[in-house]
Each structure stands twice: as structure tokens, then as C-alpha cells.
Amino acid sequence: MDRDNASDLLAFLAVARERSFTRAAAKLRMSQPSLSQLILGLEERIGMRLLNRTTRSVTPTQVGERLLLKIGPKFDEIEQELVALTDLRDNPAGSIRISATDYSARMILMPALAKILFKYPDIKVEVVIDYGLTDIVASQLDAGIRVGELLAKDMIAVRVGPDIRIAVVAAPAYLAGRKKPRQPQDLTEHNCINFRFMQEGGLFVWRFEKGGRKLNVRVEGQLVFNDANALLYAALEGFGIAYLPEPYALPHLSSGELVRVLTDWCPSLPGYHLYYPSRRQPSSAFSVLVDAIRYRPGASG
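Notes on the structure in this doc start here. (Residues numbered from 1 in each chain as written. Predicted model: local features only at pLDDT ≥ 70, side-chain atom pairs only at ≥ 80, totals over all residues. Heavy atoms only, no water.)

1. Topic: the overall build of the protein
No. 1: Along the backbone of the protein there are nine helices and 15 strands.
No. 2: Expressed as lengths along the three principal axes of its C-alpha atoms, the size of the protein is roughly 75 × 50 × 35 Å.
No. 3: Split into buried and exposed, the 301 residues of the protein put 43% on the buried side.
No. 4: Excluding contacts between residues fewer than 6 apart, the proportion of contacts in the protein whose partners are at least 24 apart in sequence is 75%.
No. 5: Surface accessibility of the protein: about 16,900 Å² in total, with carbon and sulfur atoms responsible for 52%.
No. 6: Across the protein, the centroid of the 38 positively charged side chains sits 4 Å from that of the 33 negatively charged ones. (Helix = DSSP H or I, 4+ residues; strand = E, 2+ residues; numbered from the N terminus. Buried < 20%, exposed > 50% of the residue type's maximum accessible area, 1.4 Å probe, protein only. Contact = heavy atoms within 4.5 Å. Areas by Shrake-Rupley, 256 points an atom, 1.4 Å probe, with all protein chains shown as cover. Lys, Arg positive; Asp, Glu negative; His and termini not counted. Charge placed at Lys NZ, Arg CZ, Asp CG, Glu CD.)

Put into C-alpha cells, the structure is as follows:
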């Protein structure tokens, strides 16, 4: 296989996986016209169309899908071998892409990165802030950070934080003149601020537990967000009752800007975990990150 064929196949793989000439061109660091020429040249040489192109989407043809399945893993093996060679260097090196929520990025990931990035200047990390249940394989990410109960079963999970208690909160202005909820079912009489997972489309179900009894409540209200910070701000503004991880609410509970309700019904959720595919062969850079971010109860610093 000559150099041109290899370039054309890499170009095809990028477009077929990204389903976009724009994103593929950015990934390959080349112009869209140049990328289009490479794909057209490949199609002309083999005499078959590999991609269906419309103004809105790019998808592999049946022939293109077959080629993607056949050559994709082989190029991935080559890339893994190059990573393995890099790992033979004295210092860990490489790029890591991680999906995280705003809170887990600030409170868990950043302290871990502070331990390693200054020590290992050849490690590069890209953090993608996302509140959905991200498919890290499809998104070409190396790992994600999510609450333990939300992880896919086929992932390796490393605990990176303690369990998180829930706080159901509202501003005093909202509760003024209203009857406070005494049990979860009372929330149906209140304006509740909802959270939606964008990829899955469904609203988050509020979960409660008391004395071994578990309840799930589907609440309603005028506002829906896909960002926990927005939930907090809406509660502070008096728009309704919010269901939040306790660390978000604590500063505002201490100041009196928010008050708790249903305290005895609020459960604890499994803490944050770093997750990544079980078939992934960790690079030395990734192994260093895992060691730095791993939760160690009682450890300091």
C-alpha cells in the first residue's frame, strides 16, 4: 500500500466515523476541499461510492460500512502500537480526552491534574463538560466521570469521590405562603425545577428513601434544565424546589439563601467514578491520571 492510499483511507475513516466533513477536516487539520478531494480520489480508484452525502448528513454506503469495519480496527491497532512505543519513554506522555460535569471537573478532576501536569509536561488533557450519559466510545473519548449508579455495565469504574447526599431545596421567598412538603408525594403540589438528560431525552426522576422505603417521584414545574448550576440559580431566584447534590447547595444553605425540605427523605447516591471501556489498553499517561484521581478515604492532599 503506497502513501497516497494510506492517506485516503485515513481520510475516509475520519469522515465515516465523524459523519461530517467539517469535523473530520478539523480532526485531520486540513481544509474541507482537500479532504473532499481525497475521498473522491479513493472512490474513483475503487470504482464505488463510499459515502452518501446530503446537505445535512454524511453516512457510509453499504460498501463504505464494510470498508469501515474491515480497516478501522487495523488502523486502530497501528495507533495503539505507536502509543505503546511512546510509553517506552522515561516520562509518561500522550493526550487524554475526558467527559465530566462542571462540578466533577472543578472539584475532582482539577485537583488530580494539579498533581500530574506540572510533573509530566508531555501529558495533555482535554476536558469536555457534559451532563448527559455520554457514550465515550462513540464520542472518541478516553474516559468519563459520572455518579456511580449512572455508569454502563461494560465499563471499568474507578471510584474518585465519596458518596453524595441529595438536598431538596428552595428559596425562602418561594416557600413563603406555601405549605412545605412533608413527604415526597407533596411535591406534586409544588413548582419543581426539572433536569433533563439531553441524549436520552427523559426527565430525571427524583428518588427518595426513608426507613428502607424507596419512592420515585416524577415532578412537574415551569422550568427544565440540563445543567445543575442552572438548577441551583433557578432555586436561588425563587422559581421552585430543586433536587441537587448537597455540595452545590451547602454554601447557600449556610447563608440562608436556600432552605432544605424533606431532609429525612434525602438519600445518598454512589459517588463519582472515572469510567472507561474494559477493552481499552491504558497508556502510561492514562495510568498516571487514574492513580492521581483515585479516591482514597482518609487521605489528605
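Picking up where we left off.
2. So, helix α8 (residues 246-255)
No. 1: If you check which residues of α8 are buried, you get E246, Y248, A249, H252 and L253. Each buried residue of α8 sits inside an arc of 135° when the element is viewed along its axis, so together they form one side.
No. 2: Those residues of α8 that are buried lie in contact with α5 (102-116), β7 (164-170), α7 (228-236), β12 (242-245) and β13 (259-261).
No. 3: Of the residues flanking the end of α8, it is G256, one or two places downstream, whose phi is positive at about 85°. (Arc of directions from axis to C-beta.)

3. Looking at the packing of helix α2 (residues 21-28) against helix α3 (residues 32-46)
No. 1: At a minimum axis separation of 9 Å, α2 and α3 run at an interaxial angle of 100°. It follows that α2 is roughly perpendicular to α3 by the angle criterion. Here α2 contributes F21, T22, A24, A25 and L28 to the contact with α3, which in turn contributes Q32, L35, S36 and I39.
No. 2: Broken down by class, the residue content of the contact of α2 with α3 amounts to six nonpolar, three polar and no charged. (Axes fitted to C-alpha atoms, helices over the stretch in contact; angles between N-to-C directions. Parallel < 35°, antiparallel > 145°, perpendicular 65-115°, else oblique. Nonpolar A, V, L, I, M, F, W, Y, C, P; charged D, E, K, R; others polar.)

4. Details of α7
No. 1: Taking burial as the measure, the nine residues of α7 include seven buried ones, the bulk of the element.
No. 2: Residues A228, N229, A230, L231, L232, A234 and A235 constitute the buried set of α7.
No. 3: The inward-facing, buried residues of α7 contact α5, β8 (194-195), β11 (224-225), β12 and α8.
No. 4: By the N-cap criterion, in which a side-chain oxygen at the helix start approaches the backbone nitrogen of a residue two or three places on, α7 is capped by D227, the distance to N229 being 2.7 Å.
No. 5: Just beyond α7, the residue with positive phi is G238, at close to 85°. (Polar contact = N/O pair within 3.5 Å; in protein donor to acceptor, adjacent residues only side chain to side chain.)

5. Focus on the nonpolar core
No. 1: Judged by nonpolar contacts, the single largest core of 66 residues is most densely connected at I145, V168, W206, F208, I241 and L274.
No. 2: Residues contacting F208, with those up to four places away along its chain left out, are V168, P184, L187, R213, K214, L215, V217, Y243, L262, W265 and P267. (Core = buried A, V, L, I, M, F, W, Y, C linked by side-chain atoms within 4.5 Å.)

6. With respect to the packing of aromatic side chains
No. 1: Enumeration according to the criterion identifies six aromatic pairs in this entry.
No. 2: Taking the centre distance of 5.1 Å and the plane angle of 35° together, the rings of Y103 and Y248 count as tilted. Of this pair, Y103 sits in helix α5 while Y248 sits in helix α8, and the two are 145 residues apart along the sequence.
No. 3: Here Y103 falls in the buried class, since its relative accessible area comes to 15%.
No. 4: Classification of Y248 as buried rests on a relative accessible area of 6%.
No. 5: An aromatic cluster of three or more residues is present, and its members are F204, W206, F208 and Y243. (Phe/Tyr/Trp six-rings, centres within 6.5 Å; stacked < 30°, edge-to-face > 60°.)

7. Some points on the environment of L231
No. 1: As for its position among the elements, L231 is in helix α7.
No. 2: When its relative accessible area of 3% is taken as the criterion, L231 is described as buried.
No. 3: Residues L231 and R178, spaced 53 residues apart in sequence, show a C-alpha to C-alpha distance of 20 Å.
No. 4: Among residues more than four places away in sequence, those in contact with L231 are I193, N194, F195, F225, A242, Y243 and L244.

8. Some details on unusual backbone geometry
No. 1: For Q140, which is not glycine, the phi torsion reads 55° and is therefore positive.
No. 2: One non-glycine residue, L262, lies in positive phi territory at about 55°.
No. 3: Following the sequence through the fold, L262 ends up in the loop between β13 and β14 (268-269).

9. Notes on the sheet that holds strand β3 (residues 94-100)
No. 1: Ordered in space as β4-β3-β5-β15-β6, the five strands form an open sheet in which the pairing is mixed. The open sheet has two free edges, formed respectively by β4 (123-129) and β6 (155-159), since each of these has just one partner strand. Looking at each pair of strands side by side, their axes are set apart by 25° on average, direction ignored.
No. 2: The pairing of strand β5 (residues 143-147) with strand β15 (residues 272-277) spans four bridges and is classified as antiparallel. Along β15, the bridge assignment pairs V147 with Y272.
No. 3: Sitting on the sheet, α5 is in contact with β3, β4, β5 and β15, with an inclination near 170° to β4.
No. 4: Against the sheet, helix α9 (residues 284-293) engages β3, β4, β5, β6 and β15, with an angle of about 45° to β3. (Pairing = 2+ DSSP bridges.)

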